[in-house]
Amino acid sequence: MKQESYTLFKSADIKTILEVLKNELVKRNESPFWRDRVVPFSEAILSVLIPLRDANMLFNPEGQAQSELTPELFFKWTDLVSLKTLAFSIQKSNEAGILLRTKLDDAVCKKYKKIDLSLLGDYLSKNSIDLQNESLDFPISNYNLHQGVSNVIKSLL
């Protein structure tokens with residue numbers, strides 16, 4: 001990973017991070033197939049992670065507190081199963097008004113503010129993820145595609 005990637009994830013806004021990804025895609029002359037997928041996927045993930053970062057409430061897919069948003073933490077959430085779990089966790093937290101399904105301190109969880117799930121929800125629903133029933137599975141082909149997208153993003157950062 002480039003050092004700039006750590007700085008970006010640590011403090012940049014979503015627009016800046018996406019702009020860097022777009023520029024890297026162009027610079028590397030990545031195929032349109034991947035270019036059309038990298039930015040929307042990254043935007044969907046960051047639309048939740050950036051608000052969590054800014055509220056000092058980051059956690060990994062195992063629910064453990066994370067002190068900062070790093071490229072490694074971002075990539076843990078690129079796993080489609082983990083991302084689906086994040087969406088349901090934030091949805092339940094929005095309904096309850098407290099951050100749920102994590103191992104963060106209760107005092108921290110009580111300071112939770114609602115996070116807009118529209119970008120992540122739209123993205124997941126376009127990729128055959130049922131947003132009504134968490135236990136329903138999705139096509140393995142979608143999982144495999146997202147592994148490929150994640151690999152492209154890793155090569156850019």
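Preceding block: the structure.
Residues numbered from 1 in each chain as written. Predicted model: local features only at pLDDT ≥ 70, side-chain atom pairs only at ≥ 80, totals over all residues. Heavy atoms only, no water.

Undergrad: Help me understand the overall build of the protein, please; the structure alone is not making it clear to me.
TA: Looking only at helices and strands, the protein has 8 helices and 0 strands in total. Against the compact-globule benchmark of 15 Å for 157 residues, the protein has a radius of gyration of 15 Å, which places it among compact chains. In the protein, the share of contacts with a sequence separation of at least 24, taken over all contacts with a separation of at least 6, comes to 67%. Summed over its atoms, the accessible surface of the protein is roughly 8300 Å², and 50% of this surface lies on carbon and sulfur atoms. (Helix = DSSP H or I, 4+ residues; strand = E, 2+ residues; numbered from the N terminus. Rg over C-alpha atoms; globule rule 2.2 N^0.38 Å. Contact = heavy atoms within 4.5 Å. Areas by Shrake-Rupley, 256 points an atom, 1.4 Å probe, with all protein chains shown as cover.)

Undergrad: When you look at the packing of aromatic side chains in this model, what are you seeing that I'm missing?
TA: The geometry of an aromatic ring pair is captured by the separation of the ring centres together with the interplanar angle, meaning the angle of the planes. Under the defined criterion, the tally for this structure stands at 5 aromatic pairs. Centroid distance F9 to F74: 5.2 Å. Interplanar angle 45 degrees. Geometry classified as tilted. Here F9, found in helix 1 (residues 3–11), pairs with F74, found in helix 4 (residues 71–77); they are 65 residues apart in sequence, far enough to count as distant. Judged by relative accessible area, which is 1%, F9 ranks as buried. Residue classification places F74 among the buried positions, given a relative accessible area of 1%. Between F74 and F75, the ring centres sit 5.4 Å apart and the planes meet at 75 degrees, which makes this aromatic pair edge-to-face. (Phe/Tyr/Trp six-rings, centres within 6.5 Å; stacked < 30°, edge-to-face > 60°. Buried < 20%, exposed > 50% of the residue type's maximum accessible area, 1.4 Å probe, protein only.)

Undergrad: Sorry, what's going on with the pattern of salt bridges here?
TA: Where charged atoms of side chains with opposite charge meet at close range, the side chains can pair. If you walk through the whole model with that rule in mind, you get 6 salt bridges. Here E68 and K10 are joined by a salt bridge, their closest N and O atoms 3.9 Å apart. Here K10 lies in helix 1 and E68 lies in the loop between helix 3 (32–54) and helix 4, a separation of 58 residues in the sequence. Its salt-bridge partner being E134, residue R101 comes within 2.8 Å of it at the nearest N-O pair. With R101 in the loop between helix 5 (80–96) and helix 6 (106–109) and E134 in the loop between helix 7 (118–126) and helix 8 (140–156), the pair connects residues that are 33 residues apart, well separated along the chain. Overall, R101 belongs to the partly exposed group, its relative accessible area being 40%. Each of K2, E24, K27 and R28 takes part in salt bridges that share partners, so that together they form one network. (Salt bridge = Lys/Arg side-chain N within 4 Å of Asp/Glu carboxyl O.)

Undergrad: I would appreciate a short explanation of unusual backbone geometry in the present structure.
TA: A positive phi angle, close to 55 degrees, is found at N56, a residue other than glycine. Note on N56: relative accessible area 64%, which makes it exposed. Phi angles above zero are rare outside glycine, and R101 is one such case at about 65 degrees.

Undergrad: Would you explain helix 8 in this entry?
TA: The α-helix advances 3.6 residues per turn, and as a result positions three or four apart in sequence lie on the same side. Across its 17 residues, helix 8 extends 25 Å between first and last C-alpha, which sits within 8% of the 24 Å expected from 1.5 Å per residue. Against helix 2 (14–27), helix 3, helix 4, helix 5 and helix 7 lie the buried residues of helix 8. (Expected span 1.5 Å × (residues − 1).)

Undergrad: Got a minute to help me understand the environment of G97 in this structure?
TA: Along the polypeptide, G97 turns up in the loop between helix 5 and helix 6. We classify G97 as partly exposed; its relative accessible area is 39%. Distance from G97 to Y112, taken between C-alpha atoms, is 6.5 Å for residues 15 residues apart in sequence. Those residues in contact with G97, other than ones at most four positions away along the chain, are K110 and Y112.

Undergrad: Would you explain the environment of L100 in this entry?
TA: Locating L100 in the fold gives a position in the loop between helix 5 and helix 6. For L100, a relative accessible area of 30% corresponds to the partly exposed category. Separated by 37 residues in the primary sequence, L100 and G63 place their C-alpha atoms 9.3 Å from one another. With residues near it in sequence (within four places) discarded, L100 still touches K92 and S93.

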